[in-house]
There are 4 protein chains.
Amino acid sequence: MADTEKFMFASDYQEGAHPNIMKRLMETNMVSTDGYGVDGFCASAKDRIRKACGCPEAEVEFLVGGTQTNATVIDALLKPYQGVISADCGHINVHEAGAIEFGGHKVLSLPAEFGKLSAKQVGDCLEAYASDGNRDHMVMPGMVYLSQPTEYGTLYSLEELKQIHNICRYYRVPLYVDGARLSYALASPENDVTLEDLASLADVFYIGGTKCGALFGEAVVIPDPGLIPHFFTIIKQHGALLAKGRLLGIQFDELFRDDLYFHIGDSADRFALKIQDALKNAGIPLLFESPTNQVFFICPDEKIEEISKAAEYAFMEKYDERHTVLRFATSWATTEEKVDKLCEALQELS
Amino acid sequence: MADTEKFMFASDYQEGAHPNIMKRLMETNMVSTDGYGVDGFCASAKDRIRKACGCPEAEVEFLVGGTQTNATVIDALLKPYQGVISADCGHINVHEAGAIEFGGHKVLSLPAEFGKLSAKQVGDCLEAYASDGNRDHMVMPGMVYLSQPTEYGTLYSLEELKQIHNICRYYRVPLYVDGARLSYALASPENDVTLEDLASLADVFYIGGTKCGALFGEAVVIPDPGLIPHFFTIIKQHGALLAKGRLLGIQFDELFRDDLYFHIGDSADRFALKIQDALKNAGIPLLFESPTNQVFFICPDEKIEEISKAAEYAFMEKYDERHTVLRFATSWATTEEKVDKLCEALQELS
Amino acid sequence: MADTEKFMFASDYQEGAHPNIMKRLMETNMVSTDGYGVDGFCASAKDRIRKACGCPEAEVEFLVGGTQTNATVIDALLKPYQGVISADCGHINVHEAGAIEFGGHKVLSLPAEFGKLSAKQVGDCLEAYASDGNRDHMVMPGMVYLSQPTEYGTLYSLEELKQIHNICRYYRVPLYVDGARLSYALASPENDVTLEDLASLADVFYIGGTKCGALFGEAVVIPDPGLIPHFFTIIKQHGALLAKGRLLGIQFDELFRDDLYFHIGDSADRFALKIQDALKNAGIPLLFESPTNQVFFICPDEKIEEISKAAEYAFMEKYDERHTVLRFATSWATTEEKVDKLCEALQELS
Amino acid sequence: MADTEKFMFASDYQEGAHPNIMKRLMETNMVSTDGYGVDGFCASAKDRIRKACGCPEAEVEFLVGGTQTNATVIDALLKPYQGVISADCGHINVHEAGAIEFGGHKVLSLPAEFGKLSAKQVGDCLEAYASDGNRDHMVMPGMVYLSQPTEYGTLYSLEELKQIHNICRYYRVPLYVDGARLSYALASPENDVTLEDLASLADVFYIGGTKCGALFGEAVVIPDPGLIPHFFTIIKQHGALLAKGRLLGIQFDELFRDDLYFHIGDSADRFALKIQDALKNAGIPLLFESPTNQVFFICPDEKIEEISKAAEYAFMEKYDERHTVLRFATSWATTEEKVDKLCEALQELS
């Protein structure tokens, strides 16, 4: 009945949760707590996250999924007449079925390079609005949305983030960072942005659980706890308040126990490098060298069928008349055995 | 750290999930599946639910929580210029933080008696609109929302449901039933409405998981599978699409294995009767005799402190100058031992 | 082709505009100005209104119609998770086709007596929210909406308005007054609320033009000019920004030249009294004694046909099995000749 | 007080209305009619428009302004999970302050060439959605928005419109044409698209009044009268229903009496050619040769000050480091005298 026998590299949310989480869920199953996140598990998890962020005053709230979190936070930060600046390939601009517009806001998209915006682009956009004589007839850019790592698995450097942060400060718009895959950034050798950096540079960010070892769950961190009044009610209004909030508390309590979250992405990032090497050895060019757990490669169309026999992948986009960009994603749950078999299969591609 | 030592009767979502569910989640944890509910667990669970509803063609979709489900279904069923008829104490009218209005729709509330609307009330409301010369300036009633059991734990009889169904057919508005606590209705000796009845009388209804043995999850049943085109995208737009949809599939697969769902509320309903007897014996009048797992009683204000030492309860509303309506809720997880201790404590109330 | 020959008392917007307005529109027709209300006519009109309100700092903005104005102002004043307190018969609750909900907000309706809310009702509603343990799951009352005169033509006294103002201050929610028919309040001998009073008691109010002598137009007055940042853009976003904004400026410039607005309702109010006398003489009871331009009477159903031959009226609601509440409305454009003929016709009712 | 003395070429809505309209408004001012467009003037105007469109069955509704009309029509045509395809410079994408997103919909913008989209672009966009494996997570393109003439004053040819129409039919999405400046298209010698063509190729379009001789007003034409059920209520909900709807009826009755609308743009288009010649003679290059009433030219930055002394213009965008695109707009109200003086002033630019 279950889909166990294929090598699945289509996405990084194809298994359940880290064993520590499952164990704790079992142990605590019959404990009685209040609902809606007002329980001891959540309190403990929030404390651990505040510590990990070096932010003892931060407000931390747990939501269930990424689209929900983005819509809730963005609606909470924007005035009704404001929009959110995003990379054109940003999750909120492409793959959230219009959740941001459902909340009444325009996504002001800018062309990104492999998922990243530059401080200059953001600044130019904000300045263009500020200096446009017709700006009162236009959507005001009210915040900036980035993802770390990006939808393409690329990383903002600390320097890049600081520049964007400075631009945001200058134009007085908040900076929000989507960390759906944050553990894979934190585990990357190329990464120089810590959780503490994020907490000091972003006005709001979220620490992804769903793709990073949890069954589900995203932890929203608001370093300045007064930033969003009545956030609880906003969450409720968005249908994003989990009745048994403890489930989120338990999961994040485990993810941030003994620094698990900082290392849960290690193997996935390492395996992605292995797969990238295998692709190159097989003569299949990468779209770019990825520093995290997503591998993008330019596949000759005639090889797609063969590859699809070896493993599930994700289709990204046509590259040209005869090539297609495909993606393999590894995760904390990916085994080296499966990776090696994938690499072998790639090696055998004629 | 956890809140184990009190007798908690404040709500019916204070523990984790039924052991069968936890066991299955553990067993399947490392199975790889596709995301978003396109997996074998979900397929199996949907089949079981279709069978239980006697509705082999029904569309079944799994969402995470009740407010989310209500908002998503109601937004999907209504045209932008329509509103939803609801009891004034309906969950959507009072305790969803305006989620229905967030989606652009008015809740057209009617005064309910212990949570229930009558077919006459619904018909009068629909007829008043139809015959109002200014109706084109008004919100059109576009659907009817009921809950079974209601927010007060009361039950619609089959005859009552049929009458409301007939009114809805006559005025061509869909009928939607919120079954957040449906297992406690199905378990009640007073109940004469089966899942099959619901499937033949409601245009859409949901089978509650969160309060009925699951960690979370609600199963939306649409007997006519063509009723809501693109429901998947509507769910996504509402931030209500769980990435690891299999978690919902696994839970409902267990809830509908061997008729578990039909009996999971048995003990809770029985315990509620026991508590009601204890209250009456203690000279504390009930607001009404409840047929399901929620007990509402009219507590003299001077006894509230004493009761609050015995157990957690929910505050409902002031009854008069000197009395307050309080609620005890039992659940599938409530033990007879705790109930007995509560009854003893009530007995000792001076 | 036009509908000239009946005595039309169905509403107070059945003719064009006061002759002074038409004359000025003609004279200025070929003057070139900037669009969107940034012109000399608007500047002059705003100055006159500020003076009439004793409010030299007030922000004044012109919109086209009442529903539009209510939706724009209410959306501007409320946070997304807030609702607006209104009489159940309030225009926003009944006859705006869900425009407030379209903007995402719940109308929190309270039962009104002939259109009026009491300070106690408003205070109880605000206190009930403030003291509800579940309030974070509920829509927060974020402002109070009144109309002066009300939808039933009744008037808030200065004392009543002060009490409601004080309640609003205490709970820190803004008070908004819909003045669609304000000229008929100002002209009423029973009225003791001046424009200056409104400007000191309401956080926002609008001075109705459409029903009070203009072709169209409502003047929103915001005594504290910093209250609603970016109101221009909010107006634009609501499709409520008139390209040739000067048309609104010209009209209000005339309405507030030589105190025209303060007297334009005089005859209408006087005629309403005359009609009320005629009804009483004909043995037809009034619903109540109306102080302004709307007359509500309890018509025996067998006389409706006869009355409908005499004049157009508005249907309000069934009174009982054999009576119906009907309305006659006079306006600044109603002639005494027509009123006398209506009174004669009423006299002849058997 | 009024701004009469400059040569104003900043926009085409700087004066009042065509004298025929003003005369009729005066003559009919004290006629009593029902409100909300249910009057003889509107009926007559609708008949004239139906005839002019060769569309005897069409539904015609009058709204007040362009942004309002676009938002109302687009919200009426789209399902909540759909977006509207538009040129990136489309009015709805840039200058409506997010009115479309306020209604919950994404504007799916495509890069335009001088305001125009090609059938290929539209088809590629629709096909890309249809063939995307993730389309259920994306905003569905639910309609196509064009403007004729475009925001740059350019024109779709009949052939181009037919091709776009065919693409829309193939993908079953409605085509909506914004005719804010339609009279200037109809008057252009280069135009080969008649009103009858529009009525046969567009599913909905509007005939602009505000910029084409009226005080205000846009006439929405829906050739298939069953396309948008309850459009009246949708208009009301958008705050777009004018109480004295007759004002719109009177204006369009005049605009479509004796083919006035077909010729009211003649002089403006002719004057635009004159101004374009003058600019070229002065050595100032045009951005492109405009066929209608808007003239776009590439002004060396050092000449801007001099030009601004000669006349009001609209700023469009930076062209390069040393040039700026400016716009002159003529209208039905522009006099040849003013045009000649502008041309003289341009001639004298050093």
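Predicted model, so just to flag it, every value in this text is computed and none were measured.

Notes on the overall build of chain A
- Broken down by element type, chain A carries 15 helices and ten strands.
- A compact globule built from 350 residues would reach a C-alpha radius of gyration of about 20 Å, and chain A, at 21 Å, matches this within 12%.
- In terms of overall dimensions, chain A has a C-alpha envelope of 60 × 60 × 35 Å along the principal axes.
- Taken over 350 residues, chain A has a buried fraction of 59%.
- Long-range pairs, those at least 24 residues apart, make up 74% of the contacts in chain A between residues at least 6 apart in sequence.

Focus: the sheet that holds strand β7 (residues 218-222) of chain D
Residues and elements named next belong to chain D.
- Spatially, β1-β7-β6-β5-β4-β2-β3 is the arrangement adopted by the seven strands of the open sheet, whose pairing is mixed. The open sheet has two free edges, formed respectively by β1 (59-63) and β3 (107-110), since each of these has just one partner strand. Each strand of the sheet is rotated relative to its neighbour by a mean of 25 degrees, with strand direction disregarded.
- Direction of pairing for β1 relative to β7: antiparallel, over a ladder of five bridges. Its bridge partner lying in β7, Val-60 is registered against Val-221.

Re the environment of Thr-292 of chain A
Residues and elements named next belong to chain A.
- In this fold, Thr-292 is placed in the loop between α13 (266-281) and β8 (294-300).
- A count of 30 C-beta atoms within 10 Å places Thr-292 in the buried class.
- Not counting residues up to four positions away in its chain, the partners in contact with Thr-292 are Pro-149, Gly-153, Leu-155, Arg-181, Tyr-184, Ala-185, Ser-188, Asp-269 and Ala-272.

So, helix α3 (residues 66-77) of chain A
Residue and element names in this part refer to chain A.
- Taking 1.5 Å per residue, twelve residues should reach 16 Å; α3 reaches 16 Å between its end C-alpha atoms and fits that length.
- Burial analysis of α3 places twelve of its twelve residues in the buried class, the great majority of the element.
- Along α3, the residues that are buried comprise Gly-66, Thr-67, Gln-68, Thr-69, Asn-70, Ala-71, Thr-72, Val-73, Ile-74, Asp-75, Ala-76 and Leu-77.

Quick word on the confidence of the model for chain A
- Taken residue by residue, chain A gives an average pLDDT of 96. The fraction at 70 or more is 98%.
- In the predicted complex, the global pTM is 0.97; the interface-specific ipTM is 0.96.

Some points on the interface of chain A and chain D
- Each side of the interface is counted separately: chain A has 17 residues, and chain D has 17 residues.
- Residue composition of the side of chain A that touches chain D, grouped by class: seven nonpolar, eight polar and two charged.

Reading the values: the criteria
Numbering of residues begins from 1 in every chain and follows the order in which that chain's sequence is written. Chain letters start at A and ligand numbers start at 1, both assigned in the order the entries are written. The model is predicted, so local features are restricted to residues of pLDDT at least 70 and side-chain atom pairs to those at 80 or more, both for listing and for counting; the totals for chains, interfaces and linings are taken over all residues. Numbering of helices and strands starts at the N terminus; helices are DSSP runs of H or I of at least 4 residues and strands are runs of E of at least 2. For this measure, only C-alpha atoms enter the radius of gyration; the expected value for a globule follows 2.2 Å times N^0.38, where N is the number of residues. To assign burial, the other C-beta atoms lying within 10 Å of each residue's own C-beta are counted, with C-beta atoms placed from the backbone; 20 or more indicates buried, 12 or fewer indicates exposed, and intermediate counts indicate partly exposed. Any residue pair is listed as a contact if its two C-beta atoms, each placed from the backbone, are within 7 Å. When DSSP locates at least two bridges between a pair of strands, those strands are taken to pair. Working convention: axes come from line fits to C-alpha atoms, limited for helices to the stretch in contact. Angles between N-to-C directions cover 0 to 180 degrees. Expected span of a helix: the number of residues minus one, times 1.5 Å. Residue-level confidence of the predictor, termed pLDDT, takes values from 0 up to 100. Just so you know the grouping, Ala, Val, Leu, Ile, Met, Phe, Trp, Tyr, Cys and Pro go in nonpolar, Asp, Glu, Lys and Arg go in charged, and all remaining residues, Gly too, go in polar.

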